[in-house]
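Letter by letter, the chains look like this.
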Amino acid sequence: MALAIPAVYRSTVGKKAVMAVTGGILVLYLVAHMAGNLKIFLGASTFDHYAAWLRTLGEPVLPHRWLLTGIEIVLGASVLLHMWSAVSLARTARRARPVKYAAGKQSHAHGYAVHTMRYGGIVIALFIIWHLLDLTFGAVNPAGGEATPYAKVVADFAPSHWYITLFYVIAVVLVGMHLRHGIRSAFQTLGLAGKRNYARYDLLAGIVSALLVLGFLAVPISVTFGWVK
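Attention here is on the structure that accompanies the text.

**Considering the overall build of the chain**
Reasoning step 1: Within the chain, the regular secondary structure consists of 8 helices and 0 strands.
Reasoning step 2: When the helices and strands of the chain are listed from N to C terminus, the series reads α-α-α-α-α-α-α-α.
Reasoning step 3: Out of the 229 residues in the chain, the part that is buried amounts to 33%.
Reasoning step 4: Carbon and sulfur atoms form 72% of the exposed surface of the chain, whose accessible area is close to 14300 Å².

Now the structure itself:
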């Protein structure tokens, strides 16, 4: 029995389930993260208070920052498992189809989805690393590591740093495209989106990804155009 459990996750169905579940965890995190980001429109004190509150979650039952660290570990594990299942499934698909389809027979939609998930995933991974070094650790932030969270955001997306804003916009749009396909695939993997209700879940995936993209882009664009100072 102990050997049967790992075998399940080595199967194609198991890997798809891992991808769907970890993807769901990451989507929930993105929703919460976006809601926190939008607090910047309530002013510097509110935004900085929110950032400080995140580090006190669980106190006094848990020591300072323990719960937040636990959440970060879960998220990190989810990202790694998500990437592992994606790469593993891609390798399995290549082995199952050693000869590529003729260009005329291959679905344009399928090819678009594959390239979006593959190259979009690489850009997203690089974006996560940069985002941690920038706003979490402050190592590459123009305002420095000792600046307040509000000051770091404003310094990042100042008009003079338009290239940072551009990179952020491209990365977020890719996240949205990745989410659109990922959410739709997750519904299919979990057996929720059948032929009869596929259009409904496809629409839901589009709405969720669009709202997340708009929510995340609202902050850098507002800072760049001086609406948030």
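**Structural notes on the nonpolar core**
Reasoning step 1: One finds Ile40, Val153, Tyr168, Leu179 and Phe216 to be the most contacted residues of the largest nonpolar core, which totals 28 residues.
Reasoning step 2: Sorting the residues of this core by element identifies helix H2 (12-37), helix H5 (108-136), helix H6 (149-156), helix H7 (162-189) and helix H8 (198-224) as the ones contributing at least two each.
Reasoning step 3: Those residues in contact with Phe216 that lie beyond four places of it in its chain are Leu30, His33, Met34, Asn37, Tyr168 and Val172.

**Some thoughts on unusual backbone geometry**
Reasoning step 1: Pro60 follows Glu59 through a cis peptide bond whose omega is 0 degrees.
Reasoning step 2: Relative to the helices and strands, Pro60 is located in the loop between helix H3 (44-55) and helix H4 (66-96).
Reasoning step 3: Positive phi, close to 75 degrees, is recorded for Arg65, a residue that is not glycine.
Reasoning step 4: Position of Arg65 relative to the elements: it lies in the loop between H3 and H4.

**Some words on the packing of H7 against H8**
Reasoning step 1: The N-to-C vectors of H7 and H8 enclose an angle of 165 degrees; their axes lie 9 Å apart at closest approach. In terms of their interaxial angle, H7 and H8 are classed as roughly antiparallel. Our pair here, H7 against H8, has a crossing hand that is right-handed.
Reasoning step 2: Here the residues of the contact of H7 with H8 are counted per class, giving 16 nonpolar, 6 polar and 3 charged.

Here is what the cut-offs are and how they apply
- Residues numbered from 1 in each chain as written.
- Predicted model: local features only at pLDDT ≥ 70, side-chain atom pairs only at ≥ 80, totals over all residues.
- Heavy atoms only, no water.
- Helix = DSSP H or I, 4+ residues; strand = E, 2+ residues; numbered from the N terminus.
- Buried < 20%, exposed > 50% of the residue type's maximum accessible area, 1.4 Å probe, protein only.
- Areas by Shrake-Rupley, 256 points an atom, 1.4 Å probe, with all protein chains shown as cover.
- Core = buried A, V, L, I, M, F, W, Y, C linked by side-chain atoms within 4.5 Å.
- Contact = heavy atoms within 4.5 Å.
- Axes fitted to C-alpha atoms, helices over the stretch in contact; angles between N-to-C directions.
- Parallel < 35°, antiparallel > 145°, perpendicular 65-115°, else oblique.
- Left-handed = near helix turned anticlockwise from the far one by under 90°.
- Nonpolar A, V, L, I, M, F, W, Y, C, P; charged D, E, K, R; others polar.

All quantities given are derived from atomic positions and should not be read as evidence of function.
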